[in-house]
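# Descriptive structure summary
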Protein chains: 2
Amino acid sequence: MKKSSVGEFDCSIAKTVSTIGDTWSLLILRNAFHGMRRFEDFQKHLCIATNILTDRLKRLTKAEILYRVKDQDDARRVQYRLTEKGFALYPVLVALKDWGDKWEGNYDQPRMVLRVRETGELIPPVAVRTSDGRALHPQEVTPTLGEGADELTKELVEFRVKD
Amino acid sequence: MKKSSVGEFDCSIAKTVSTIGDTWSLLILRNAFHGMRRFEDFQKHLCIATNILTDRLKRLTKAEILYRVKDQDDARRVQYRLTEKGFALYPVLVALKDWGDKWEGNYDQPRMVLRVRETGELIPPVAVRTSDGRALHPQEVTPTLGEGADELTKELVEFRVKD
DNA sequence: CGGTATCCCATTTGATACTG
DNA sequence: CAGTATCAAATGGGATACCG
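A brief look at the structure comes next. (Residues numbered from 1 in each chain as written. Chains lettered and ligands numbered in written order. Predicted model: local features only at pLDDT ≥ 70, side-chain atom pairs only at ≥ 80, totals over all residues. Heavy atoms only, no water.)

### Comments concerning the relation of the copies chain B and chain A
Least-squares fitting of chain B to chain A yields an RMSD of 0.0 Å, with the superposition described by an axial translation of 0.0 Å and a rotation of 180 degrees. Read as a symmetry element, the transformation amounts to a two-fold axis. Mapped onto chain A, 100% of the interface residues of chain B again fall at the interface, so both copies present the same surface. (Least-squares fit on C-alpha atoms with pLDDT ≥ 70 in both. Contact = heavy atoms within 4.5 Å.)

### Here's the deal with the side chain of threonine 83 of chain B
Residue and element names in this part refer to chain B. Checked against the element boundaries, threonine 83 lands in the loop between strand S2 (78–82) and helix H5 (84–87). According to the relative accessible area criterion, threonine 83 is buried, its value standing at 15%. A distance of 2.6 Å separates the side chain of threonine 83 from the backbone oxygen of glutamate 64, its partner in a polar contact. Once you skip the residues sitting within four places of it in the chain, threonine 83 turns out to touch Glu64, Ile65, Leu66 and Tyr67. (Helix = DSSP H or I, 4+ residues; strand = E, 2+ residues; numbered from the N terminus. Buried < 20%, exposed > 50% of the residue type's maximum accessible area, 1.4 Å probe, protein only. Polar contact = N/O pair within 3.5 Å; in protein donor to acceptor, adjacent residues only side chain to side chain.)

### Things to note about helix H4 (residues 50–62) of chain A
Residues and elements named next belong to chain A. Along its 13 residues, H4 runs 18 Å from first to last C-alpha, staying within 8% of the 18 Å computed at 1.5 Å per residue. Of the surrounding elements, those touching the buried residues of H4 are helix H1 (12–20), helix H2 (23–33), helix H3 (39–46), strand S1 (66–70) and strand S2 (78–82). The first or second residue beyond H4 is glutamate 64, which carries a positive phi of 60 degrees. (Expected span 1.5 Å × (residues − 1).)

### Here we look at the interface of chain B and chain A
Facing the 95 residues of chain B at the interface are 95 residues of chain A. Of the roughly 9,100 Å² buried at the junction of chain B and chain A (both faces included), carbon and sulfur atoms supply 65%. When residues of chain B are sorted by the area they lose upon contact with chain A, Trp99, Arg111 and Arg117 of chain B head the list and together hold 9% of the total. Here chain B is connected to chain A by 2 salt bridges. Among the ionic pairs, glutamate 104 of chain B bridges to lysine 85 of chain A, the shortest N-O distance being 2.8 Å. Applying the counting rule to chain B against chain A returns 38 residue pairs in polar contact (both at pLDDT 80 or more). Of all the elements in the fold, those that place two or more residues in the side of chain B that touches chain A are helix H1 (12–20), helix H2 (23–33), helix H3 (39–46), H5, helix H6 (90–103), strand S3 (112–116), strand S4 (141–145) and helix H7 (151–159) of chain B. (Buried area = accessible area lost by both parts, 1.4 Å probe. Salt bridge = Lys/Arg side-chain N within 4 Å of Asp/Glu carboxyl O.)

### Concerning the nonpolar core
One finds Leu89 of chain A together with Leu89 of chain B to be the most contacted residues of the largest nonpolar core, which totals 81 residues. Excluding its chain neighbours within four sequence positions, the residues that come into contact with leucine 89 of chain A are Ile20, Leu29, Phe33 and Ile65 of chain A together with Trp99 of chain B. (Core = buried A, V, L, I, M, F, W, Y, C linked by side-chain atoms within 4.5 Å.)

Purely geometric numbers; function is a separate question.
Next up, the structure:
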């Protein structure tokens, strides 16, 4: 299978990964969530080659995760900002950060802590929860077929092992 | 920068992405969360070349996301199972699925729906929440420096734009 | 069954130079 | 400033054959 055809898998994870699942795109998004908006700033902070940055910004813009807007202060400049679809990636980014902090960090002290802006309250790790807020272990969750399920999805759902 | 050195960024997202952030690894993990455990099953379901699959299983095993165990039923067989560290990736996978379902799906009907195994209750989308369960928009969240913050983290946190 | 070993091709990368 | 153009090198992919 070609890499480019992975997104054609009828699977949300495959599609999502083929859209944003490369190192540079994720790092650009991370910075975007920190308020970074300008080509120059991405380039400097990430030490990314300009052609690669151009490519990724184009892809993210085409995917409607970022949109371009002229900088009011400086007509020569362009800003790349998150769309609603882009903002919706926040749980993905935070889940990645949470996992890395816990399992891949080499540090006793955390480098960055997320808080509620208004109150300063600490934000607990992202989890899969019931609607009343209880965190669930993966084995407490079961996938069920939706109306639109295709063959591969069926295979996968039926695969489920019981222990 | 070489791809292999991205993980050396002092950033949990970069580290995490360099560990699991490629298409095949994510798809293998997706299947593992569905209970898939055998080389052969991964190979058949994903149509992945055996050398690539070997490589990814090794990497995931080395990262202690999967571990190998002999199949009790068939001595020739090996099983790859999720470790605790592997199970901890569940929020990442579900967040990816949720986002893809909402923003990248071409279907009116969902293909797969997650439910609480015991009760059948629907599981709401993964979100960044306060400790009392309120979902937060990214702009309601602010990053603060932890004790272990390095220069790049500081740059990033200070970048935050106010509108 | 669960891999290894090889080979080859396509893609991606990053450095560098250049431009409207 | 925000790209584009070029290009050599590295990487990653899949097919195939083979093995304990």
